[in-house]
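Below are the chains, spelled out letter by letter.
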Amino acid sequence: MAAAHTSTAQTNVSFDAGEYLIRTLTAADASDRWAVWMADPEVRHSLNVAPRRMTRVEIANYIKTFDQRSSLLWGIFAKRTGAHIGFFTVQADYARSQGLVNLLVGEPEYRNHGVLSAIRRQFAEYFFDTLGLRTMMATALARNEIIVNTLLKAGWTINQTLKQNVVDHATGAKLDLCLLSLSRKAWRARNKPKDRPV
Ligand SMILES: CC(C)(COP(=O)(O)OP(=O)(O)OC[C@H]1O[C@@H](n2cnc3c(N)ncnc32)[C@H](O)[C@@H]1OP(=O)(O)O)[C@@H](O)C(=O)NCCC(=O)NCCS
């Protein structure tokens, strides 16, 4: 399995998710909008992003840190307008058959408008079936109830909550961090072809 997933074919992913296209990002996708996303108070609160405005060059350099083999960075694009609205990261550990995923719907007007709901199934299919990984993992601040609740509703498990594990950039307070996972087996049990969302 591992050998197949280090092939160059995996470095240029593109797949269709209804109204959205998901594809591998390159440094050319760095944008001023992306910098604005990271400065958004809601994103800072949800993800505990440091209160410093990133530049487009820093974002391009960030994109280049992804080898797109074990460290994947995929953009989410609205097909109707072509707009880049967010991104996924996957830190894959093929030896352990697991991957840590992160998601940001960056454009505020797209948040809470069904983007995750529209793309989560195709994303999980790619993760479990194409990448062949057995366990999807995520971390979320316990205060980020939106993501924690929707993951639990979709069959994820909170494996552990690390108490006072993260220092809040805004206040210096210590925040609880949830470690969550979803197994391929659990996902497949809930997702017979073409019935339920992830
Ligand atoms: C959290 C986030 C990924 C959700 O994506 P989204 O496209 O906005 O979500 P959707 O509109 O598809 O809704 C998904 C679920 O979240 C719920 N939800 C979304 N926004 C919500 C809000 N503001 N308040 C309450 N529930 C909300 C929806 O009701 C839906 O619930 P369901 O489990 O019953 O289906 C996105 O809003 C985001 O990127 N937020 C900032 C960064 C972040 O928190 N990332 C997660 C890091 S682990």
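From a predicted model like this one, the values you see are computed outputs, not experimental measurements. (Residues numbered from 1 in each chain as written. Predicted model: local features only at pLDDT ≥ 70, side-chain atom pairs only at ≥ 80, totals over all residues. Heavy atoms only, no water.)

J.: What am I meant to see in the packing of aromatic side chains here?
T.: How two aromatic rings sit relative to each other is set out by the distance from centre to centre and by the angle between their planes. Tallied over the full model, the rule gives twelve aromatic pairs. Seen from their ring centres, Trp 74 and Phe 123 are 5.8 Å apart, and the 70 degrees between their planes marks the pair as edge-to-face. In this pair, Trp 74 sits in strand S3 (residues 71–78) while Phe 123 sits in helix H4 (residues 115–130), placing the two residues 49 residues apart along the sequence. Here the two residues Trp 74 and Phe 123 agree in accessibility, since each one is buried. Ring geometry for Phe 88 against Phe 123: centres 4.0 Å apart, planes inclined by 5 degrees, an arrangement best described as stacked. Taken together, the residues Phe 88 in strand S4 (residues 84–93) and Phe 123 in helix H4 connect sequence positions 35 residues apart. For the pair shown, Phe 88 and Phe 123 are each scored as buried. (Phe/Tyr/Trp six-rings, centres within 6.5 Å; stacked < 30°, edge-to-face > 60°. Helix = DSSP H or I, 4+ residues; strand = E, 2+ residues; numbered from the N terminus. Buried < 20%, exposed > 50% of the residue type's maximum accessible area, 1.4 Å probe, protein only.)

J.: Honestly, helix H3 (residues 56–64) in this entry has me stumped. Any pointers?
T.: Since the α-helix advances by 3.6 residues per turn, residues separated by three or four positions end up pointing in the same direction. Among the residues of H3, Ile 59, Ala 60 and Ile 63 are the ones counted as buried. When H3 is viewed along its axis, its buried side chains cluster within an angular range of 100 degrees and face the same direction. Turned more than 90 degrees away from the buried face of H3, the exposed residues are Val 57 and Lys 64. Considering only its buried residues, H3 is in contact with helix H1 (32–39) and S3. (Arc of directions from axis to C-beta. Contact = heavy atoms within 4.5 Å.)

J.: Would you mind showing me how to read the packing of H1 against H3 here?
T.: When two helices pack together, their arrangement is captured by the angle between the axes and the distance separating the axes. Close contact between H1 and H3 brings their axes to 8 Å; oriented N to C, the two are set at 90 degrees. Considering the angle they form, H1 stands roughly perpendicular to H3. Note on element contacts: H3 touches H1 through Arg 56, Ile 59, Tyr 62 and Ile 63, opposite Asp 32, Trp 34 and Ala 35. (Axes fitted to C-alpha atoms, helices over the stretch in contact; angles between N-to-C directions. Parallel < 35°, antiparallel > 145°, perpendicular 65-115°, else oblique.)

J.: Would you mind going over the nonpolar core with me for this structure?
T.: Tyr 20, Trp 74, Val 101, Val 115, Ile 119, Met 136 and Trp 156 are the most contacted members of the largest nonpolar core, which has 37 residues in total. With seven residues, H4 is the largest single contributor of residues to this core. Within the second largest apolar cluster, 16 residues are counted, among which are Ala 30, Trp 34, Trp 37 and Phe 87. (Core = buried A, V, L, I, M, F, W, Y, C linked by side-chain atoms within 4.5 Å.)

J.: Any chance you could explain the side chain of Glu 107 here in plain terms?
T.: If you trace the backbone, Glu 107 turns up in the loop between strand S5 (98–105) and H4. Glu 107 sits in the buried class, given a relative accessible area of 8%. At 2.9 Å, the side chain of Glu 107 and the side chain of Trp 37 are in polar contact. Among all residues touching Glu 107, those that are not within four sequence positions of it are Arg 33, Trp 37, His 84 and Ile 85. (Polar contact = N/O pair within 3.5 Å; in protein donor to acceptor, adjacent residues only side chain to side chain.)

J.: Before we go on, may I ask you to explain the side chain of Asn 191 in this structure?
T.: Locating Asn 191 in the fold gives a position in the segment after helix H6 (184–190). The class for Asn 191 is buried, based on a relative accessible area of 5%.

J.: Can you help me understand the site of the ligand in this one?
T.: Looking at the ligand, there are 19 residues lining it, with Asn 112, Gly 114, Ser 117, Thr 150 and Lys 153 nearest. Between an oxygen atom of the ligand and a side-chain N or O atom of Ser 117, the distance comes to 2.7 Å. Between an oxygen atom of the ligand and a side-chain N or O atom of Thr 150, the distance comes to 2.6 Å. The protein chains hide 77% of the 920 Å² of surface that the ligand would expose on its own. (Near = heavy atom within 4 Å. Areas by Shrake-Rupley, 256 points an atom, 1.4 Å probe, with all protein chains shown as cover.)

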